[in-house]
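Observations on the model geometry
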Amino acid sequence: MKTTIFSQVSIDGKLTLGAGNSSKELFSLFSSQDIEFIHLFRGKVQGIMVGKNTILTDNPFLTNRYEENKNPIRIIPTATLDIPLDCNVLSDTGRTIVVTTEKGRDEDKISQIRAMGKDCIICGDEKVDFVKLERLLEENYGITDLMVEGGGFLNWHMVNQDRVDEIILMQLPIIIGGASNITLVDGDGYQELSFAKKFKVVDIQPKDNYTLMRYKKVI
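Residues numbered from 1 in each chain as written. Predicted model: local features only at pLDDT ≥ 70, side-chain atom pairs only at ≥ 80, totals over all residues. Heavy atoms only, no water.

As annotated in an unreviewed UniProt entry, the protein is Riboflavin biosynthesis protein RibD from Paenibacillus sambharensis. The UniProt entry for the protein carries the following comment under Pathway (unreviewed entry): "Cofactor biosynthesis; riboflavin biosynthesis." (UniProt positions renumbered as here; feature names shortened; annotations may be inferred.)

Side note on the environment of Asp108
Within the fold, Asp108 resides in helix H4 (residues 107–115). A polar side-chain atom of Asp108 sits 3.0 Å from a polar atom in the side chain of Gln112. (Helix = DSSP H or I, 4+ residues; strand = E, 2+ residues; numbered from the N terminus. Polar contact = N/O pair within 3.5 Å; in protein donor to acceptor, adjacent residues only side chain to side chain.)

What about the environment of Asn181?
Turning to its location among the elements, Asn181 is positioned in the loop between strand S7 (166–171) and strand S8 (199–206). Look at Asn181 and you get buried, because its relative accessible area is 8%. A sequence separation of 100 residues divides Asn181 from Leu81, and the C-alpha atoms of the two residues are 24 Å apart. Setting aside residues no more than four positions away along its own chain, Asn181 makes contact with Lys14, Thr16, Leu17, Gly18, Ala19 and Ile176. A distance of 3.4 Å separates a polar side-chain atom of Asn181 from the backbone oxygen of Gly177. (Buried < 20%, exposed > 50% of the residue type's maximum accessible area, 1.4 Å probe, protein only. Contact = heavy atoms within 4.5 Å.)

Digging into empty space enclosed by the protein
Summed over all chains, the structure comprises one cavity of 30 Å³ or more. Looking at the lining of the largest cavity residue by residue, the classes come out as three nonpolar, no polar and four charged. (1 Å grid on protein atoms, 1.4 Å probe; cavity = no way out; pocket = protein on both sides within 12 Å on 5 of 7 lines; lining within 4 Å. Points joined across faces, edges and corners; volume = space filled by probe spheres on them. Nonpolar A, V, L, I, M, F, W, Y, C, P; charged D, E, K, R; others polar.)

Describing the pattern of salt bridges
What the rule picks out here adds up to twelve salt bridges. With a closest N to O distance of 3.1 Å, Lys197 and Asp162 form a salt bridge. One end of the pair, Lys197, is in the loop between S7 and S8; the other, Asp162, is in the loop between helix H6 (152–160) and S7, and 35 residues separate them in sequence. The exposure class assigned to Asp162 is partly exposed, which follows from its relative accessible area of 37%. Residues joined in a network through salt bridges with shared partners are Lys2, Glu166 and Arg214. (Salt bridge = Lys/Arg side-chain N within 4 Å of Asp/Glu carboxyl O.)

Put into structure tokens, the structure is as follows:
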């Protein structure tokens, strides 16, 4: 499976204008063509993944608005299964897979999610096992290209478990700052350079409203 982190960031790598704020505020700086670029990329993949916090703050649909019948399967990992049942990815008719853990197993809520026509799978004990999850997504759902539009916490787990093959950034020419603000990758981080995950620059394209940057994992 090829996994791509696709994100919109400031020069200093921030994803929002403060903890708990929606990333949608930054999208006002993009043109309609820029937004279309994001949606058309969704049409090239079979799956799109966001974390619980993105569901809570943005409540996205995660669809491709520019091409009919080219919506990726939405994958929502949440170790504790604490996502609202009335969120958009559960309320519409699109395909959604909610992923939780043995720790987060709640048979009543799982039954409610499945009754809404969505899938709910257990993958991991206390934390979502993304290595196992990607294998299940490929074998059971035919997902070979996965787009991750997560926040810093989800991105950290994906990077830390060596699941990321490519990173695509739409870097806005703004500085946000904030020591506690969400960045592209948060989590525990690495205290030794030898543990840091290495990527190489494969493309940089200056655009009118942002700079498109592509990185690939060093193997």
